[in-house]
Amino acid sequence: MPRIALVPGDGIGTEVVPEARRVLEAVARVEGLEFDLVDWDLGADRYLREGVTITDEEFRILSEEYDAILLGALGDPRVPGNEHARDILLGLRFRLDLYVNFRPCVLLAPELCPLKRVKVPVRLEIFRENTEGAYTGLGGAFKKGTPHEVAIEEDINTWTGVERIVRAAFEFARARGRPRVTLVDKANAMRHAGGLWRRVFAEVGREFPELEQDAVYVDAMTMELVRRPERYAVIVTSNLFGDIISDLAAELTGGLGLAPSANLHPGRHAMFEPVHGSAPDIAGKGLANPFGAVRCVALLLAHFGFAAAGERVERAVAEAIAAGRTTRDLGGSFTTAGVGEWLADRISVGATDDIGTRT
Ligand SMILES: NC(=O)c1ccc[n+]([C@@H]2O[C@H](COP(=O)([O-])OP(=O)(O)OC[C@H]3O[C@@H](n4cnc5c(N)ncnc54)[C@H](O)[C@@H]3O)[C@@H](O)[C@H]2O)c1
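Residues numbered from 1 in each chain as written. Predicted model: local features only at pLDDT ≥ 70, side-chain atom pairs only at ≥ 80, totals over all residues. Heavy atoms only, no water.

Enquirer: An account of the overall build of the protein is needed here, citing residue identities and associated values.
Expert: The helix and strand tally for the protein stands at 11 helices and 12 strands. Taking the principal axes of its C-alpha atoms as reference, the protein extends roughly 65 × 55 × 40 Å. Split into buried and exposed, the 359 residues of the protein put 52% on the buried side. When contacts within the protein are restricted to residue pairs at least 6 apart in sequence, long-range pairs at least 24 apart make up 74% of them. As displayed, the protein has an accessible area near 16200 Å², and 53% of this comes from carbon and sulfur atoms. Here the protein contributes 42 positively and 53 negatively charged side chains, and the mean placements of these two sets differ by 5 Å. (Helix = DSSP H or I, 4+ residues; strand = E, 2+ residues; numbered from the N terminus. Buried < 20%, exposed > 50% of the residue type's maximum accessible area, 1.4 Å probe, protein only. Contact = heavy atoms within 4.5 Å. Areas by Shrake-Rupley, 256 points an atom, 1.4 Å probe, with all protein chains shown as cover. Lys, Arg positive; Asp, Glu negative; His and termini not counted. Charge placed at Lys NZ, Arg CZ, Asp CG, Glu CD.)

Enquirer: Which residues make up the sheet that holds strand β2 (residues 36-39), and what values go with them?
Expert: Across the sheet, which stays open at both edges, the 10 strands sit in the order β2-β1-β3-β12-β11-β4-β5-β10-β8-β9 with mixed pairing between neighbours. Looking at strand neighbours, the two that pair on one side only are β2 and β9 (212-217), the edges of this open sheet. Taken over all neighbouring pairs, the strand axes of this sheet differ in orientation by 20 degrees on average, direction set aside. The pairing of strand β4 (residues 100-106) with strand β11 (residues 260-265) spans three bridges and is antiparallel. Looking across to β11, one finds that N101 is bridged to N263. Each of β4, β5 (123-129), β8 (180-185), β9, β10 (234-237) and β11 touches helix α5 (residues 159-176); the most contacted strand, β5, lies at about 160 degrees to it. (Pairing = 2+ DSSP bridges. Axes fitted to C-alpha atoms, helices over the stretch in contact; angles between N-to-C directions.)

Enquirer: Can you tell me about the pairing of β5, naming the residues and giving the values?
Expert: Of all seven residues that make up β5, six are buried, and the element is covered over most of its length. Of the strand pairs in this sheet, β4 and β5 are connected by seven bridges, and their pairing is antiparallel. Paired with C105 across the two strands is L124, which belongs to β5. Bridge count between β5 and β10: four bridges; the pairing is parallel. Paired with R128 across the strands is T237, a residue of β10.

Enquirer: Tell me what's going on with helix α4 (residues 83-95), and back it up with residues and numbers.
Expert: Restricting attention to buried positions, one finds in α4 the residues H84, A85, I88, L89, G91 and L92. Buried residues in α4 make contact with α2 (44-50), α3 (56-65), β3 (68-73) and β12 (269-274). One or two residues past the end of α4 sits D97, with phi positive at roughly 50 degrees.

Enquirer: Could you give an account of the pairing of β2, with specific residues and numbers?
Expert: The side chains of a regular strand alternate, residue by residue, between the two faces of the sheet. As judged from the four bridges shared by strand β1 (residues 3-9) and β2, these two strands associate in the parallel manner. Residue pairing in the sheet places I4 in a bridge with L37 of β2. Since β1 and β2 lie parallel, the crossover through helix α1 (residues 13-31) that links them has a hand, and here it is right-handed. (Right-handed = clockwise from strand over helix to strand, strands pointing away.)

Enquirer: Kindly report on the layout of surface pockets, identifying the contributing residues and their values.
Expert: By volume, the largest pocket amounts to about 950 Å³. Around the largest pocket, the lining is made up of 42 residues, and of these F102, E125, F172, R176 and R178 lie nearest the centre. Of all the elements in the fold, those that place two or more residues in the lining of the largest pocket are β4, β5, α5, β11, α9 (291-303) and α10 (307-322). If you tally residues by element for the lining of the largest pocket, the top one is α5, at eight residues. (1 Å grid on protein atoms, 1.4 Å probe; cavity = no way out; pocket = protein on both sides within 12 Å on 5 of 7 lines; lining within 4 Å. Points joined across faces, edges and corners; volume = space filled by probe spheres on them.)

Enquirer: Describe in detail the environment of L287, supporting the description with residues and values.
Expert: Looking at the element boundaries, L287 is found in the loop between β12 and α9. For L287, a relative accessible area of 22% gives the class partly exposed. Sequence-wise, L287 and D329 are 42 residues apart; in three dimensions their C-alpha atoms are separated by 8.0 Å. Ignoring any residue separated from it by four or fewer positions in sequence, one finds L287 in contact with E15, I282, T327, R328, D329 and T336.

Enquirer: Would you mind going over the site of the ligand in detail, with residue names and values included?
Expert: In the vicinity of the ligand, 19 residues are found, and the nearest of them are L74, G277, A279, D281 and N289. Here E273 contributes a side-chain N or O atom positioned 3.2 Å from a nitrogen atom of the ligand. The contact in question runs from an oxygen atom of the ligand to an N or O atom on the backbone of G277, over 2.7 Å. A total of 810 Å² of accessible area belongs to the ligand in isolation, and the protein chains cover 65% of it. The residue inventory of the shell around the ligand, partitioned by class, reads 10 nonpolar, six polar and three charged. (Near = heavy atom within 4 Å. Polar contact = N/O pair within 3.5 Å; in protein donor to acceptor, adjacent residues only side chain to side chain. Nonpolar A, V, L, I, M, F, W, Y, C, P; charged D, E, K, R; others polar.)

Okay, here's the thing in structure tokens:
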């Protein structure tokens, strides 16, 4: 039985994760699945109470005794330095070597897209390299604070690091029947990194001859995603470009409240989290949209091989949007818990509908 650590964290994380749990329990019931769900108290409250962010032993337990983590959000105005979030979130990403940041951006209803002429389906599945690139912190400053200041931010690209993310994207496309894998880079201006990415992409791509493969410069890709997002399927890219492209793609498919993500070390560790933060401005008011966290449940189910169960969750979210059962950010008037309850009911009733259709 998969063992899942539920880490609500801070702010609206503590409101959306219980709804994700409610939905997971509902879908598990109708699909006959079993999960061992364990609540974890990690976040600002614990840090302020005990002075502890996360211990080495807790890392070990999460790494060795759990199959996945579902995290809400971390960040609290009472911890202005955000050190607990850094220790927990970045600690988990780096110590578990979660090198895939998977950001699926799937448009569930055309009215959620800010572009006028876009229709469903738009399904952009972004594989962002999560452990190297421009975000390692390597570099330095010289003559700081003077007009001659020099700032160097290194962009690290290793064959091994690039090869494993590119392979993860191709394997995903093959396993899920996606037609195309697109590499996004800036190989015309950043020739050393771009050259490495292109050679790896071509070499790994040869093992997947049934998939269409192309490479697009990142600046052109921002235009392409606005012009014809429906052309693209699986996108693989570096840490920096992935950060930017995935926010654009998320906004094209409904925005922050709807966006889920997964941090993965395929075959070893998986951590799912909605893309949004802890939203202190609306925390504790029942205004948080739980769809991002709930769609993490769909990702989690697919990750464990329960694709039909995952689709059931996605369908319920699409139905909630169609029925106007949404929180205020999407124009509805329902509370976080009200939306979660509706989804759980819908999943249970939907299961009865399935049986009705079959007999
Ligand atoms: N992965 C994470 O845990 C993560 C990610 C981003 C930010 N943060 C942290 O969260 C805190 C707040 O950051 P921020 O304000 O820049 O980003 P945020 O995502 O928390 O909020 C941005 C805006 O979007 C709204 N919003 C976000 N999620 C929503 C939801 N589910 N439903 C309805 N509205 C929603 C908020 O009310 C706010 O106006 C900071 O401490 C930041 O460090 C954490």
